[in-house]
Amino acid sequence: RCHGQGCKDTDNKCFRRHQRRCEMAKIILQRDEEFEHFHSLESKTILLEGDVELSCKGDIQKLRVNMEVVIPAKIAHTVKNVGNCQAVIECQHVPR
């Protein structure tokens, strides 16, 4: 489900903006699948494809493709595929 990798590619937007290493994870959810997790660092969640609801601190938000949401460090949150096809979400973590 979750495939973490470090980004060092200078074409990566995160790398260019921060000019340092960032961590990325890609989450792939099948229809009706959900994934609860938290990150040790503040993260940016980006919906790449599909229909997803994000639940964080009791609030539920429907994400749109290319929408970016900042999640504070150590806050549990859930992403749920509410569409008919697979959903792909990217999480970016930038060390401070």
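As shown above, the structure is provided for reference.
**Student:** Account for the pairing of strand β5 (residues 52–56), naming residues and giving values.
**Tutor:** Here β5 shows a buried face lined by V52, L54 and C56 and an unburied face lined by E53 and S55. Strand direction decides the pairing type here: β5 and strand β6 (residues 59–63), joined by five bridges, are antiparallel. Paired with S55 across the strands is I60, a residue of β6. In the sheet, β5 pairs with strand β8 (residues 77–81) via five bridges, with the strands oriented antiparallel. What sits directly across from C56, in β8, is H77.

**Student:** I'd love a proper account of the sheet that holds β6, names of residues and values included.
**Tutor:** If you trace the four strands from one edge of the open sheet to the other, you get β3-β8-β5-β6, paired in antiparallel fashion. Strand pairing shows two members of the sheet lacking a second neighbour, β3 (34–37) and β6, which therefore form its edges. Taking each pair of neighbouring strands and ignoring which way they run, the sheet shows an average axis angle of 20°. Here β3 runs beside β8; their pairing, made up of four bridges, is antiparallel. Residue pairing in the sheet places E34 in a bridge with K80 of β8.

Thresholds applied
- Residues numbered from 1 in each chain as written.
- Predicted model: local features only at pLDDT ≥ 70, side-chain atom pairs only at ≥ 80, totals over all residues.
- Heavy atoms only, no water.
- Buried < 20%, exposed > 50% of the residue type's maximum accessible area, 1.4 Å probe, protein only.
- Helix = DSSP H or I, 4+ residues; strand = E, 2+ residues; numbered from the N terminus.
- Pairing = 2+ DSSP bridges.
- Axes fitted to C-alpha atoms, helices over the stretch in contact; angles between N-to-C directions.

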